[in-house]
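# Residue-level structure breakdown
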Amino acid sequence: MRRLLATFIACLSCQAWAAGADYQLTPLAIAEGVYSFVGELADFNPSNGGNIVNTGFIVGTEGVVVIDTGPSRRYGEQMRAAIARVTPKPIALVINTHHHPDHFLGNQAFADAPIGALAETGKGIASEGDAFAENLFRMTGDWMSGTEVKAPDQVLLAGPLKAGGRSLILLALKGHTDADLAVFDEDSATLFAGDLVFNLRAPTTPHANIAQWKDALRDLDRFMKDHRVRVLVPGHGPIARNALPIAWTRDWLTWLDKSLRESAAEGLDMNETLARPLPDAYRDIPVSGAEYRRSVGHLFPAAEANSLQHSN
């Protein structure tokens, strides 16, 4: 009875928190005319409403370019209000870097502006968006109230792009998902890397291809050097002024891939693989335990199948 009462009180508390639904979005100036909203180093939960993502915006001479719109309609609305406090200029373009829900479910708040993404990202949002929204409602509750999927209406291509009076370079890559877009602002030498790059927060892998992801990180590393990138905005984790988050993400993926391959080669099953301890270097990284468990579920069957194929 006490446990039921405690659960009921906790639910009421979550609903009361979500009733205000204030993400407390504060634009962080990271370069000339470039701002970011930095999310928590955490998993989705009813306290943060899904505010675990880094989004941002770039103010040009003619308008504003928005990079990702957050996990809910309310986030998008509050993001747009925060942008308006910085500049009265109109929204020139919204860019969704990929099709994971914390990066596009705020699109509703920008329905009057062009919303662009890679073609495969648009397809992913159309096919999986509703399921993503339902899952986030289960994890965060009433923060998601009124959120509906608003798909991109423009297909973006790799290469130079003028938007809002800013000169951008779009990089079409893959690995975290089938279509990962990185956005480089030439005027400020700022690179928005989306979820290709995590910084001191365990990467998510529901659509990952680790080999392709590591290739993309190699390309980003080269781009950082060739274009003298001064500011790197990862999809999750602290903003950096060097390429260390790229190396950090690559190291995690290398360890994860090696660990799963070794488990499969040793004949361990999924439960035994889940029970393996994390290395000391990753044990205290935010969400590392949960993301490792999810990654085993996502990636171990393929590692197991590959091991069986090579043993026959």
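The subject of this paragraph is the sheet that holds strand β8 (residues 159-163). Across a sheet, paired strands are connected by hydrogen bonds in the backbone, their directions being either parallel or antiparallel. Pairing within the open sheet is mixed, and its five strands lie in the order β8-β9-β10-β11-β12. In the strand order of this sheet, the two ends are held by β8 and β12 (231-236), each with one partner. Each neighbouring strand pair of the sheet contributes to a mean axis angle of 30 degrees, computed without reference to strand direction. Alignment of strand β11 (residues 190-198) against β12, held across five bridges, turns out to be parallel. The residue bridging L191 from the neighbouring strand is L232, located in β12.

The subject of this paragraph is the confidence of the model for the chain. Per-chain confidence: the chain averages 93 in pLDDT, with 93% of residues scoring 70 or above. Confidence scores differ between elements of the chain, with helix α1 (residues 2-20) showing the lowest mean pLDDT of 38 and strand β4 (residues 64-67) the highest of 99. Scored below 50 in pLDDT, residues 1-19 makes eight contacts in the model with residues more than four places away or belonging to other chains.

A word on the layout of surface pockets. Quantified by volume, the largest pocket comes out at close to 390 Å³. Contributing to the lining of the largest pocket are 21 residues, with F44, N135, M139, T204 and P206 lying nearest its centre. Elements supplying a minimum of two residues to the lining of the largest pocket: α3 (119-140) and α8 (288-311). For the lining of the largest pocket, the element with the most residues is α3, which contributes five residues.

Attention now moves to the packing of aromatic side chains. The relative placement of two aromatic rings is captured by the distance of their centres and the angle of their planes. Scanning the entire structure with this criterion turns up 12 aromatic pairs. With a centroid separation of 5.2 Å and an interplanar angle of 70 degrees, the aromatic rings of Y23 and Y75 are classed as edge-to-face. Of the two residues, Y23 is situated in the loop between α1 and β1 (28-31) and Y75 in helix α2 (residues 73-86); the sequence distance between them amounts to 52 residues. The class of Y23 is buried, set by a relative accessible area of 6%. Judged by centre distance (6.2 Å) and plane angle (20 degrees), the rings of W248 and W252 are stacked. Within this pair, W248 and its partner W252 are both found in helix α5 (residues 244-265), separated by four residues, close to a single helical turn. A relative accessible area of 0% places W252 in the buried class.

Cut-offs and rules
- Residues numbered from 1 in each chain as written.
- Predicted model: local features only at pLDDT ≥ 70, side-chain atom pairs only at ≥ 80, totals over all residues.
- Heavy atoms only, no water.
- Pairing = 2+ DSSP bridges.
- Helix = DSSP H or I, 4+ residues; strand = E, 2+ residues; numbered from the N terminus.
- Axes fitted to C-alpha atoms, helices over the stretch in contact; angles between N-to-C directions.
- pLDDT = per-residue confidence, 0-100.
- Contact = heavy atoms within 4.5 Å.
- 1 Å grid on protein atoms, 1.4 Å probe; cavity = no way out; pocket = protein on both sides within 12 Å on 5 of 7 lines; lining within 4 Å.
- Points joined across faces, edges and corners; volume = space filled by probe spheres on them.
- Phe/Tyr/Trp six-rings, centres within 6.5 Å; stacked < 30°, edge-to-face > 60°.
- Buried < 20%, exposed > 50% of the residue type's maximum accessible area, 1.4 Å probe, protein only.

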